[in-house]
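What the coordinates show
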Amino acid sequence: MALAVTSSASIVFNNINNNNLGTEQGVLFSNGGFQPSDRVFPVGLSLTRKRSAAVTAVNAEPKRSDSIVPSAATVFAPDVVDKTAEVEDIEKLAKDLENASPLEIMDKALEKYGNDIAIAFSGAEDVALIEYAHLTGRPFRVFSLDTGRLNPETYKFFDQVEKHYGIRIEYMFPDAVEVQALVRTKGLFSFYEDGHQECCSVRKVRPLRRALKGLRAWITGQRKDQSPGTRSEVPVVQVDPVFEGLDGGSGSLVKWNPVANVAGNDVWNILRTMEVPVNSLHAQGYISIGCEPCTRSVLPGQHEREGRWWWEDAKAKECGLHKGNIKEETGNGNASVGNESAVVSDIFESENIVNLTRPGVENLLKMENRKDGWVVVLYAPWCPFCQAMEASYVELADKLAGTDVKVGKFRADADQKAFAQQELQLGSFPTILFFPKHSSRAIKYPSEKRDVDSLMAFINALR
Ligand code: SF4
């Protein structure tokens, strides 16, 4: 598919170290062959000659085997590589490309690895990687992990992307026996109970490992600004610190992160400028997009990672795909819930809201014939969802003042979290409980609607 490049495209190219722009008869790969394109390429990228001997067109005939073993790798014997020299080469390359544009980095990656490299596409704004690859005019491969739990919108988006770029995405699926064992033993939503790591390991990490075993390099959409405190060290290219490639052993895989230095807003500017199709979930407030049960929209101003695995601590919010870029906490980083809690001031401050201590809550749990009903929010002051409901909870407390329902709050993060999870049904923050007058059993508010009317309806149904 040829894309008309208008003057607005200079937004992309102007970043390429001020290279002059020139029109070149580039080649685009589509539907099994190379097709001429009348697109504009930066002169400095030299896009023609070497490409004619380029790699097999995997996008035309997607592999149906268990891994995405590239045909080029099966045709040519792998070179004997001095790994120490290669590591040094990659480190030097990372320095050389630190200030390069994403397009320049993508071009270098595709030029260097040909059919032995593929873009990992999650179905979110990392579609920018596909656009950059497309803009280089080189053939490229794309793979995606189909966990079986993605949103319908994401599947539709995959289809749209395939059609837009004339490519086939090489999907990787989890091992059916492993999924079966997990679900039969622990149910469909075990990640809400004991964390997402086990499910992610089965549905994402192992399929990814299989995919990467067929490659020498991969391209990710990791950005430094995605997880402050955990992804702050993402070089544009690195020897993959976690996974192995085709030759096996550590150092056998190279990871390219062309948008490492690009801010989320700038990625969106590119997508809009180039009229790239985007996942319709973004229009519903989703920023980061993953599996349906583990992704939700975020509030204005919230960080995108807060829409993922929101019931877990910030420091646990990596699925294992990019563990090597997770920075250890130093004691003052904002990745730590405990440390966040130390610097954020308290919320739900009102004369009509009782600040319950641990013994106070334990008393509520024991009391069988209490005089009043109690509504209690389990919260963490740093939690943006708690902050968002502060006004309605204070208003609720004002409305209930002097009635037979008392309103309380219990700070349930840090040291109190394990107790709250075990005894108070804490899943994610905020959790709202109602302790009826004549029962020792607390009833958990089941809805995400936290406006005063919804909360009053809940209380009135139980008081
Ligand atoms: Fe499982 Fe959620 Fe991880 Fe998807 S994101 S693999 S559903 S835990």
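Use the structure listed above.
Definitions and cut-offs
Residues numbered from 1 in each chain as written. Predicted model: local features only at pLDDT ≥ 70, side-chain atom pairs only at ≥ 80, totals over all residues. Heavy atoms only, no water. Buried < 20%, exposed > 50% of the residue type's maximum accessible area, 1.4 Å probe, protein only. Helix = DSSP H or I, 4+ residues; strand = E, 2+ residues; numbered from the N terminus. Pairing = 2+ DSSP bridges. Axes fitted to C-alpha atoms, helices over the stretch in contact; angles between N-to-C directions. Contact = heavy atoms within 4.5 Å. Phe/Tyr/Trp six-rings, centres within 6.5 Å; stacked < 30°, edge-to-face > 60°. Right-handed = clockwise from strand over helix to strand, strands pointing away. Near = heavy atom within 4 Å. 1 Å grid on protein atoms, 1.4 Å probe; cavity = no way out; pocket = protein on both sides within 12 Å on 5 of 7 lines; lining within 4 Å. Sits in = over half its atoms within 2 Å of the grid points. Patch = residues over 30% accessible without salt bridge, like charges linked within 9 Å, V, L, I, M, F, W, Y side chains within 5 Å. Areas by Shrake-Rupley, 256 points an atom, 1.4 Å probe, with all protein chains shown as cover. Salt bridge = Lys/Arg side-chain N within 4 Å of Asp/Glu carboxyl O. Lys, Arg positive; Asp, Glu negative; His and termini not counted. Charge placed at Lys NZ, Arg CZ, Asp CG, Glu CD. Points joined across faces, edges and corners; volume = space filled by probe spheres on them. Nonpolar A, V, L, I, M, F, W, Y, C, P; charged D, E, K, R; others polar.

Within helix H6 (residues 127-136), 10 of the 10 residues are buried, which leaves the element mostly enclosed by the surrounding structure. Listed in full, the buried residues belonging to H6 are Val-127, Ala-128, Leu-129, Ile-130, Glu-131, Tyr-132, Ala-133, His-134, Leu-135 and Thr-136. Phi turns positive, to about 80 degrees, at Gly-137, one or two residues after H6.

If you trace the six strands from one edge of the open sheet to the other, you get S7-S6-S5-S8-S10-S9, paired in mixed fashion. What marks the edges here is a single partner per strand, and that holds for strand S7 (170-172) and strand S9 (237-239). Strand after strand, the sheet turns through a mean of 30 degrees between neighbouring axes, direction not considered. In this sheet, strand S8 (residues 217-219) lies alongside strand S5 (residues 117-120) in parallel orientation, the contact comprising three bridges. Within S8, the residue paired with Ile-117 across the bridge is Ala-217. Strand contacts of helix H10 (residues 197-212): strand S6 (142-145), S7 and S8, with the helix running at about 155 degrees to S6, the strand carrying the most contacts.

Now for the environment of Leu-215. Tracing the chain through its elements places Leu-215 in the loop between H10 and S8. Residue class for Leu-215 comes out buried when judged on its relative accessible area of 0%. Between the alpha carbons of Leu-215 and Ala-118 there is a distance of 7.5 Å; along the sequence they are 97 residues apart.

What follows deals with the packing of aromatic side chains. Summed over all chains, the structure comprises 15 aromatic pairs. Ring centres of Tyr-155 and Phe-158 lie 6.4 Å apart, and the angle between their planes is 75 degrees; this geometry places the pair in the edge-to-face category. With Tyr-155 and Phe-158 both in helix H7 (residues 152-165) and three residues apart, this pair spans about one turn of that helix. Note on Phe-158: relative accessible area 2%, which makes it buried. A ring pair is formed by Phe-410 and Phe-419, whose centres lie 6.2 Å apart and whose planes are at 85 degrees; its orientation type is edge-to-face. Of the two residues examined, Phe-410 and Phe-419, each falls in the buried class.

This part is about the pairing of S6. Taking every second residue as pointing to the same face, both faces of S6 are buried, with Val-142 and Ser-144 on one and Phe-143 and Leu-145 on the other. In the sheet, S5 pairs with S6 via two bridges, with the strands oriented parallel. Following the sheet pairing, Ile-119 is matched in S6 by Val-142. At this point the chain moves from S5, through H6, to the parallel S6, and the crossover so formed is right-handed.

Ordered in space as S11-S13-S12-S14-S15, the five strands form an open sheet in which the pairing is mixed. Looking along the sheet, the strands with just one partner apiece sit at the ends: strand S11 (354-355) and strand S15 (443-444). Two elements, S11 and strand S13 (residues 405-411), share two bridges in a ladder whose sense is parallel. Note on S13: the bridge partner recorded for Val-354 is Gly-408. Against the sheet, helix H17 (residues 452-462) makes contact with strand S12 (373-379), S13, strand S14 (431-435) and S15, and its axis sits at roughly 25 degrees relative to S14, the strand it touches most.

Moving on, we get to the site of the ligand. Around the ligand, a shell composed of Phe-191, His-196, Cys-199, Cys-200, Arg-203, Lys-204, Cys-291, Cys-294 and Trp-309 is seen. Assessed atom by atom at 2 Å from the grid points, the ligand resides in the second largest cavity. Per-element accounting of the shell around the ligand gives the leading share, four residues, to H10.

On the surface, Glu-351, Glu-395, Asp-398, Asp-451 and Asp-453 cluster together into a patch of negative charge. Here Asp-398 is to be found in helix H15 (residues 390-400).

On to empty space enclosed by the protein. For the coordinates displayed, the defined rule picks out three cavities of 30 Å³ or more. Forming the walls of the second largest cavity are Thr-147, Arg-149, Phe-191, His-196, Cys-199, Cys-200, Arg-203, Lys-204, Cys-291, Pro-293, Cys-294 and Trp-309. Looking at the lining of the second largest cavity element by element, the count peaks at four residues for H10. Here the residues of the lining of the second largest cavity sort into seven nonpolar, two polar and three charged.

Next up on the list: the pattern of salt bridges. If you walk through the whole model with that rule in mind, you get 22 salt bridges. Here Lys-186 makes a salt bridge to Glu-198, at a shortest N to O gap of 2.5 Å. Of the two residues, Lys-186 sits in helix H8 (residues 176-186) while Glu-198 sits in helix H10, which places them 12 residues apart along the sequence. Glu-198 sits in the partly exposed class, given a relative accessible area of 35%. The partner of Arg-411 in a salt bridge is Asp-413, and the shortest N-O contact between them spans 3.0 Å. Classification of Arg-411 by relative accessible area gives partly exposed; the value is 27%. By sharing partners, the salt bridges in this structure join Asp-116, Arg-216 and Asp-247 into a single network.

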